Amino acid sequence: QVQLVESGGGLVQPGGSLSLSCAASGSIFSSNTVGWYRQAPGKGRELVATLTRFGVTRYADSVKGRFTISRDNAKKTVYLRMNSLKVEDTAVYYCTVGFDWWGQGTQVTVSS
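First, a word on scope: everything that follows refers to the structure included in this document. Since this is a predicted model, take the numbers as computed values, not measurements. (Residues numbered from 1 in each chain as written. Predicted model: local features only at pLDDT ≥ 70, side-chain atom pairs only at ≥ 80, totals over all residues. Heavy atoms only, no water.)

Taken as a whole, this structure holds two aromatic pairs when the rule is applied. A centroid spacing of 6.3 Å and a plane angle of 85 degrees characterise the contact between Tyr37 and Phe99, whose relative ring orientation is edge-to-face. Remark: Phe99 occurs in the loop between β9 (91–97) and β10 (101–102) and Tyr37 occurs in strand β4 (residues 34–39); sequence separation between them is 62 residues. For Tyr37, a relative accessible area of 10% puts it in the buried group. Among the residues examined, Phe99 registers a relative accessible area of 39% and is labelled partly exposed. For the pair Tyr37 and Trp102, a centre-to-centre distance of 5.3 Å together with 65 degrees between the ring planes defines the contact as edge-to-face. In this pair, Tyr37 is assigned in strand β4 and Trp102 in strand β10, connecting sequence segments 65 residues apart. One aromatic cluster is present, formed by Tyr37, Phe99 and Trp102 through successive ring pairs. (Phe/Tyr/Trp six-rings, centres within 6.5 Å; stacked < 30°, edge-to-face > 60°. Helix = DSSP H or I, 4+ residues; strand = E, 2+ residues; numbered from the N terminus. Buried < 20%, exposed > 50% of the residue type's maximum accessible area, 1.4 Å probe, protein only.)

What follows concerns the nonpolar core. Trp36, Val48, Phe67, Ile69, Leu80, Met82 and Tyr93 are the most contacted members of the largest nonpolar core, which has 28 residues in total. At the level of secondary structure, the elements contributing two or more residues to this core comprise β3 (18–24), β4, β5 (45–51), β7 (67–72), β8 (77–82), β9 and β11 (106–110). Setting aside residues no more than four positions away along its own chain, Tyr93 makes contact with Glu6, Leu20, Trp36, Tyr37, Arg38, Val48, Phe67, Leu80, Met82, Gly105, Thr106 and Val108. (Core = buried A, V, L, I, M, F, W, Y, C linked by side-chain atoms within 4.5 Å. Contact = heavy atoms within 4.5 Å.)

Next up, the structure:
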């Protein structure tokens, strides 16, 4: 059974940066698309970024140019680097592998 463990969430001021990590178990990591989604209070789940096994990325318009998704197949870890954070980025962030396995979520709060 694949399990994902997230880390790196926290409180940051507007304009600041934060990095999230998601470590996966199992042996199928390298063959799957990985991604990050987020859910703000009172809102539905929103795609943040995805990264295929071939290195193709996709970002939500709201984060493009500020966030970077990456993966380390040897470490079976997904990363999300978030720069120039805005209050609107406040949400619980979830990582996914193949859209079948999900992390527990980590809170990111952007506030002055």
